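A closer look at the structure
What follows is each chain in one-letter form.
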Amino acid sequence: MTIDINEITTTFSVQEIKVFDASPEVTNVVGKVVWQCVLACRDISILAGGETFLEYKPDQPFVPITELTQQQIMDWVIQTLGGAPFLQHYKENHAIHLELAYKEKNMRVWEQPIPQ
Amino acid sequence: MANLQSSGAISLNDLKNFFGGPASPSLSNYYRGGGYTPASYAVSTYESQGPYFNMYNGVEYFWQRTKSGGNKTGVYWGSTWNGSHQPAVFTSSTEYTSITAGDGWTYVRGNLADQLNLEYYYYISRNRYVTTYPACNTSIPSSGTLALSHFYGAFKP
C-alpha cells in the first residue's frame, strides 16, 4: 500500500502542561506542553510524541488556563512548530512508518524453529 | 505577498484597499508597526538532516528502541562517544516513531541498523521549521511625519 499523504489524519492530545507566573496578575501561563499524536490511515495508526516550549507574548490577550481547551493549546504548539507546512511535512515523514505498519498488520511470528 | 505601486499618485483609499483599515481612515492609521502596516513578516524555512547512524566511535547518532523494561524510546543525536552512551536528546517510556523535542527538531526513526538481544538501533534523521521575522516597510515612519509618498512600494506579506 502506498500511503497518500492526504489520507493521513493526525489527532493531537495534550499529555502534560507546565506553567509559570509571568507577574502577580498573570499566573499559570502555559510554558511547555508535552503531547502525543496519533497518525492514522485507514485502519493503521502509529504514535508520535513531543514536547514544545511556548513563547509568552505580553502584548497578546491573556486567556486563563481554566478557559483554555486542548485544541487551543495544540493549535499554539503546531503554530510554534511551523503551522500548516509543519503538519504537511510531519505527515510525509511518518508515511513510511504507516506503510510498514500496514505491511506488518497481517503478519504473525513464526513460532516454530527457524529453518536452517 | 504584494507591493503597492512604486510611482504615481497614492491615496488614502489605496492604503485602505491594500492594508485594510477603519471605515474613514486617516494617514495616522498607517504608521509602520501600527495596526495596519506591518514592520516585519514571518519567513519559514524547512531544514532536514540525516539519516545518520553511528554508535561506537566519534559522535553518536541513533534511535534506540527497547523491547523489554526501561525506556522504550531513546534519541541520541550528536553526543560524543566516550566509552558509554551519553545522555539522550529524549527518552520516553512510550514507544514512538518520532519525537518532537523542545528544541523544535522532530527526530524520526529510520531503518533498522543494528540489534542486540531486545535492543534495536535505527538510523535517525531530524527536521524542523525555522521562522525568522525580517523587517519590512522600513521607509515608512513608525512615528512623526507621515506622507503618502512614504508608501511607494509598501509591502504586505
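Think of each chain on its own: its residues are numbered from 1, step by step along the sequence as written. Throughout, the order in which chains and ligands are written sets their labels, letters from A for the former and numbers from 1 for the latter. The model is predicted, so local features are restricted to residues of pLDDT at least 70 and side-chain atom pairs to those at 80 or more, both for listing and for counting; the totals for chains, interfaces and linings are taken over all residues. The basis for every side-chain value is the complete set of non-hydrogen atoms in the structure, without hydrogens or water.

The subject of this paragraph is the overall build of chain B. The numbering of helices and of strands both runs from the N terminus, where a helix is a DSSP run of H or I of at least 4 residues and a strand a run of E of at least 2. Along the backbone of chain B there are one helix and nine strands. Against the 2.2 N^0.38 benchmark of 15 Å for 157 residues, chain B shows a C-alpha radius of gyration of 26 Å, more extended than a compact globule. A principal-axis box enclosing the C-alpha atoms of chain B has dimensions of 75 × 30 × 25 Å. Partly exposed describes any residue whose relative accessible area lies between the buried limit of under 20% and the exposed limit of over 50%, with all areas from a 1.4 Å probe on protein chains only and scaled to the type maximum. By the burial criterion, 33% of the 157 residues in chain B qualify as buried. Contacts: residue pairs with any heavy atoms within 4.5 Å of one another. Across chain B, every contact between residues at least 6 apart in sequence was considered, and the portion connecting residues at least 24 apart equals 53%. Only the protein chains shown count as covering a residue, and every accessible area follows the Shrake-Rupley method with a 1.4 Å probe. Surface exposure of chain B reaches about 8,000 Å², of which carbon and sulfur atoms provide 47%. Our radius of gyration looks at C-alpha atoms and nothing else; its globule reference is 2.2 Å times the residue count to the power 0.38.

It is worth spelling out the packing of aromatic side chains at this point. Residue and element names in this part refer to chain B. Stacked, tilted and edge-to-face pairs are distinguished by plane angle, under 30 degrees for stacked and over 60 for edge-to-face with tilted covering the rest, among Phe, Tyr and Trp rings (Trp via its six-membered ring) whose centres lie within 6.5 Å. One pass over the structure, following the stated rule, counts 20 aromatic pairs over all chains. Ring centres of tyrosine 52 and tyrosine 61 lie 5.1 Å apart, and the angle between their planes is 65°; this geometry places the pair in the edge-to-face category. Classification of tyrosine 52 by relative accessible area gives partly exposed; the value is 35%. Given a relative accessible area of 21%, tyrosine 61 falls into the partly exposed group. Whether a charge lies above a ring is judged from NZ of Lys or CZ of Arg, which has to be within 6 Å of the ring centre and within 35 degrees of the ring normal. Lying over the aromatic face of tyrosine 120, arginine 65 brings its terminal NZ or CZ to 5.9 Å of the ring centre. Sitting over the face of the ring of tryptophan 105, arginine 126 holds its NZ or CZ atom 3.8 Å from the ring centroid.

So, about the packing of helix 1 (residues 70–81) of chain A against helix 2 (residues 83–104) of chain A. Residues and elements named next belong to chain A. One can describe the packing of helix 1 onto helix 2 by two numbers: an axis separation of 6 Å at closest approach and a directional angle of 85°. The pairing of helix 1 with helix 2 is recorded here as roughly perpendicular in orientation. Where helix 1 approaches helix 2, its residues Ile78, Gln79 and Leu81 are matched on the opposing element by Gly83, Phe86 and Leu87. Grouping the amino acids of the contact of helix 1 with helix 2 by side-chain chemistry returns four nonpolar, two polar and no charged. An axis is simply a line fitted to the C-alpha atoms; with a helix, the fit covers only the stretch in contact. Between two such axes, the angle follows the N-to-C directions and lies from 0 to 180 degrees. Oblique is the label for any angle not under 35 degrees, not over 145, and not in the 65 to 115 range, which are roughly parallel, roughly antiparallel and roughly perpendicular in turn. Gly falls in the polar group here, along with every residue not listed as nonpolar (Ala, Val, Leu, Ile, Met, Phe, Trp, Tyr, Cys, Pro) or charged (Asp, Glu, Lys, Arg).

So, about the nonpolar core. Counting 26 residues, the largest nonpolar core has Ile8(A), Val33(A), Trp35(A) and Tyr90(A) as its most contacted members. Going through the elements one at a time, strand 1 (9–20), strand 2 (29–41), strand 3 (44–53), helix 1 and helix 2 of chain A are the ones with two or more residues in this core. A total of six residues in this core trace back to one element, the largest contributor, which is strand 2 of chain A. What makes a nonpolar core is a set of buried Ala, Val, Leu, Ile, Met, Phe, Trp, Tyr and Cys residues whose side-chain atoms join them at distances within 4.5 Å. Of all hydrophobic cores here, the second largest spans 12 residues; its members include Tyr96(B), Ile99(B), Tyr120(B) and Tyr122(B).

Here the amide bond leading from Gly50(B) into Pro51(B) is cis, since omega sits at 10°, within 30 degrees of zero. Topologically, Pro51(B) is positioned in strand 2 (residues 43–52). Backbone geometry at Arg42(A) places phi at a positive 55°, although glycine is not the residue there. In the Ramachandran plot, Asn117(B) falls in the positive-phi region, its phi being about 50° despite a non-glycine side chain. Looking at where Asn117(B) falls in the secondary structure, it is placed in the loop between strand 7 (106–116) and strand 8 (119–132).

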